[in-house]
Amino acid sequence: ETGVTQTPRHLVMGMTNKKSLKCEQHLGHNAMYWYKQSAKKPLELMFVYSLEERVENNSVPSRFSPECPNSSHLFLHLHTLQPEDSALYLCASSPDIKDTQYFGPGTRLTVL
Amino acid sequence: AQKVTQAQTEISVVEKEDVTLDCVYETRDTTYYLFWYKQPPSGELVFLIRRNSFDEQNEISGRYSWNFQKSTSSFNFTITASQVVDSAVYFCALSVLYSGGGADGLTFGKGTHLIIQP
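Residues numbered from 1 in each chain as written. Chains lettered and ligands numbered in written order. Predicted model: local features only at pLDDT ≥ 70, side-chain atom pairs only at ≥ 80, totals over all residues. Heavy atoms only, no water.

A.B. asks: Please clarify how the interface of chain B and chain A should be interpreted in this entry.
C.D. replies: Size of an interface, as often reported, equals the accessible area lost when the parts are brought together. In this complex, chain B contributes 21 residues to the contact, which on the side of chain A involves 18 residues. For the pair chain B and chain A, the summed buried area comes to about 1600 Å², and 57% of that belongs to carbon and sulfur atoms. For the pair chain B and chain A, the number of links is 1 salt bridge. Across the chain B-chain A interface, the total number found is 4 residue pairs in polar contact (both at pLDDT 80 or more). Looking at the side of chain B that touches chain A, the elements with two or more residues in it are strand E5 (32-39) and strand E6 (46-52) of chain B. Per element, the largest residue contribution to the side of chain B that touches chain A is 4 residues, and it comes from E5(B). (Contact = heavy atoms within 4.5 Å. Buried area = accessible area lost by both parts, 1.4 Å probe. Salt bridge = Lys/Arg side-chain N within 4 Å of Asp/Glu carboxyl O. Polar contact = N/O pair within 3.5 Å; in protein donor to acceptor, adjacent residues only side chain to side chain. Helix = DSSP H or I, 4+ residues; strand = E, 2+ residues; numbered from the N terminus.)

A.B. asks: Got a minute to help me understand the environment of A:His77 in this structure?
C.D. replies: Residue and element names in this part refer to chain A. Tracing the sequence through the fold places His 77 in strand E8 (residues 73-79). Not counting residues up to four positions away in its chain, the partners in contact with His 77 are Lys 19, Ser 20, Arg 63, Phe 64, Ser 65 and Glu 67. Reaching out from His 77, the side chain makes a polar contact with the side chain of Glu 67 at a distance of 2.7 Å.

A.B. asks: Please clarify how the side chain of A:Thr100 should be interpreted in this entry.
C.D. replies: With respect to the element layout, A:Thr100 can be found in the loop between strand E9 (87-94) and strand E10 (102-103). Within polar-contact distance, the side chain of A:Thr100 engages the side chain of B:Arg50 at 3.4 Å. Residues within four places of A:Thr100 in sequence aside, it is in contact with A:Ser93, A:Ser94, A:Pro95, B:Phe35, B:Tyr37, B:Phe47 and B:Arg50.

A.B. asks: Looking at this structure, how should I read the packing of aromatic side chains?
C.D. replies: Given two aromatic rings, their pairing is described by the distance between the two centres and the angle made by the two planes. Counted under the stated rule, the structure contains 21 aromatic pairs over all chains. Consider the rings of A:Phe103 and B:Phe108, whose centres lie 6.2 Å apart with planes at 70°: the pair is edge-to-face. Taken together, the positions of A:Phe103 in strand E10 and B:Phe108 in strand E11 (residues 107-108) put the pair across two chains. The pair formed by A:Phe103 and B:Phe108 is uniform in burial state, with each residue classed as buried. Joined through ring pairs, the aromatic side chains of A:Tyr33, A:Tyr35, A:Tyr102, A:Phe103, B:Tyr33, B:Phe35, B:Tyr37, B:Phe47, B:Phe91 and B:Phe108 make up one cluster. Over the ring of B:Tyr33 we find B:Arg50, and its NZ or CZ is 4.0 Å from the ring centre. (Phe/Tyr/Trp six-rings, centres within 6.5 Å; stacked < 30°, edge-to-face > 60°. Buried < 20%, exposed > 50% of the residue type's maximum accessible area, 1.4 Å probe, protein only. Lys NZ or Arg CZ within 6 Å of the ring centre and 35° of its normal.)

A.B. asks: What am I meant to see in unusual backbone geometry here?
C.D. replies: As a rule of thumb, non-glycine residues mostly have phi less than zero, and peptide bonds are mostly trans rather than cis. The omega torsion across A:Thr7 and A:Pro8 is -10°, close enough to zero to call that bond cis. Locating A:Pro8 in the fold gives a position in the loop between strand E1 (4-7) and strand E2 (10-13). With a phi close to 50°, B:Ser73 is a non-glycine residue in the positive phi region. Relative to the helices and strands, B:Ser73 resides in the loop between strand E8 (64-69) and strand E9 (74-79). Assessed through its relative accessible area of 24%, B:Ser73 is described here as partly exposed.

Okay, structure coming up:
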């Protein structure tokens, strides 16, 4: 596989469930990102990791918990979400934190 | 704080027409990047172009061209002889670069939905 991949592509969960989104990049990049895209707001940056360390957390609720075990993988752990958290969650990576970001296809999340 | 405005929510043109997508940005910083991304119905954001704030040269790539004007804080995108495959949502974005080597994540506009009718 090449580029940035995300799994699952679609996810439906109840408010009491715990689930995780996975992102993997095959580009040898050092920075990875989570974005949220909902119908009512522009694309919003959630988290930034550079060399596996979190460098930015954009006031995201604690029910979203990121994890970056190595420079190729990024997870977003979800628990006790709300219906308004339903959105497209996009992962991106870049060679360095200053460089162009390349995006995965996204996970379409629906919270019932 | 940074801001990117794409005033055109939706544009519909007939195939082969030229179309320009507007982007206006706000930042107090002097060093930044501007981007355009394309989001087809599949959802993946596709990178189109990046411009450095110190480089105001316009750029042409096939049917695509970009006009960067710092005086008006604009970075407009023109598609010449549009095709149905150009139908997508197009996002303009800004990333500020810091002297220490770091950078902000991307600040996106709300996007322009471009519809090319056959």
